[in-house]
Amino acid sequence: SSGINAEYGEDTPQLQNLVLLPLMTSTGTGPDTTLEQLTEGRIPYLAQESLPNYLRTKLDLEIEKKEHHVSTEVNRITEQNLQQQICDLNNLSDALSDIIQTSRDSWEEYSAHSRSSENENKELIKLMSALETGKGLRSSNRKRG
């Protein structure tokens, strides 16, 4: 609305408080470039088939039925049922949290154990290599006398 006031001046009425109805609809099948520019590409044309959808303020019958069904379901839930559902959800959340924590702890134990056994395996491989090929053995330079 500030953009409209800046462009047309302060004397321009607020358009959001007015009811706007089209004076003319498009008869062609192509887009109306003027309308498309005015609506920033949101409405390409106003034809007799699409006009009711743009002017509709009431929901479709199917949507109204679904909305009514949901509202009756919500009104049917008692305070006791609601508290029970909250309690059940909290219990489920606690159980999931325990499962996740247990899995995390066991994974950390496993990874710590695998890291230590990995280091032991590396040392065993070095020792076997030294025994087989003499690789990694240091020679003694002491004179025997």
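Residue positions within a chain follow its written sequence, with the count starting from 1. Local features in a predicted model are, by the rule used here, given only for residues with pLDDT of at least 70; side-chain atom pairs are given and counted only at 80 or more, and totals for whole chains, interfaces and linings are based on all residues. Values reported for side chains reflect all heavy atoms of the structure, with hydrogen atoms and water molecules removed beforehand.

1. Let's talk about the overall build of the chain
This is how it is decided: Segments assigned H or I by DSSP are reported as helices when at least four residues long, segments assigned E as strands when at least two residues long, and all are numbered from the N terminus. Buried means the residue's accessible area, taken with a 1.4 Å probe over protein chains only, is under 20% of the maximum for its type, while exposed means over 50%, and partly exposed covers the values in between. Throughout, a contact is declared for two residues whenever any of their heavy atoms are within 4.5 Å. Per-residue and other accessible areas follow the Shrake-Rupley method at a 1.4 Å probe size, with only the shown protein chains counted as cover for residues.
Within the chain, the secondary structure is distributed over 5 helices and 0 strands. Classification of the 145 residues of the chain by burial places 6% in the buried group. Considering only contacts in the chain between residues 6 or more positions apart, those separated by 24 or more positions represent 16%. Counting only carbon and sulfur atoms, one obtains 54% of the accessible surface of the chain, whose full area is about 13,900 Å².

2. Brief notes about a nonpolar patch on the surface
Convention followed: Patch membership requires over 30% relative accessible area and the absence of a salt bridge. Like charges are linked within 9 Å, and nonpolar side chains (Val, Leu, Ile, Met, Phe, Trp, Tyr) within 5 Å. Salt bridges are defined as contacts in which a side-chain nitrogen from Lys or Arg sits within 4 Å of a carboxyl oxygen from Asp or Glu.
Together, Leu89, Leu92, Leu96, Ile99 and Ile100 make up an exposed nonpolar region whose accessible area comes to about 500 Å². Looking at the secondary structure, you find Leu89 in helix H5 (residues 79-133). For Leu89, a relative accessible area of 55% translates into the label exposed.

3. Some words on the pattern of salt bridges
What the rule picks out here adds up to 1 salt bridge. Between Glu73 and Arg76 there is a salt bridge, and its shortest N-O distance comes to 3.1 Å. With Glu73 and Arg76 both in helix H4 (residues 61-76), this residue pair falls 3 residues apart, about one helical turn. For Glu73, a relative accessible area of 30% corresponds to the partly exposed category. The class for Arg76 is exposed, based on a relative accessible area of 58%.

4. A closer look at the packing of aromatic side chains
Worth spelling out the cut-off: In this scheme Phe, Tyr and Trp rings, the latter by its six-membered ring, pair at centre separations within 6.5 Å, and the angle between planes marks the pair as stacked below 30 degrees, edge-to-face above 60, and tilted otherwise.
Evaluated as defined, the whole model comprises 1 aromatic pair. A centroid spacing of 5.9 Å and a plane angle of 40 degrees characterise the contact between Trp107 and Tyr110, whose relative ring orientation is tilted. In this pair, Trp107 and Tyr110 are both assigned in helix H5, 3 residues apart and thus about one turn of the helix distant. Across the pair, Tyr110 and Trp107 agree in class, each one exposed.

5. A closer look at H4
Just so we agree on the cut-off: A helix is expected to span 1.5 Å multiplied by its residue count minus one.
With 16 residues, H4 should cover 22 Å at 1.5 Å per step; its first-to-last C-alpha distance of 22 Å lies within 8% of that length. Where burial is concerned, little of H4 is hidden: 0 out of the 16 residues are buried.

6. Some words on the confidence of the model for the chain
The following threshold applies: Per residue, pLDDT captures the predictor's confidence, and it can take any value from 0 to 100.
Summing up the model confidence of the chain, the mean pLDDT is 76 and the portion of residues at 70 or higher is 71%. For the stretch residues 1-5, pLDDT sits under 50, and the model shows 8 contacts to residues farther than four places along the chain or on other chains.

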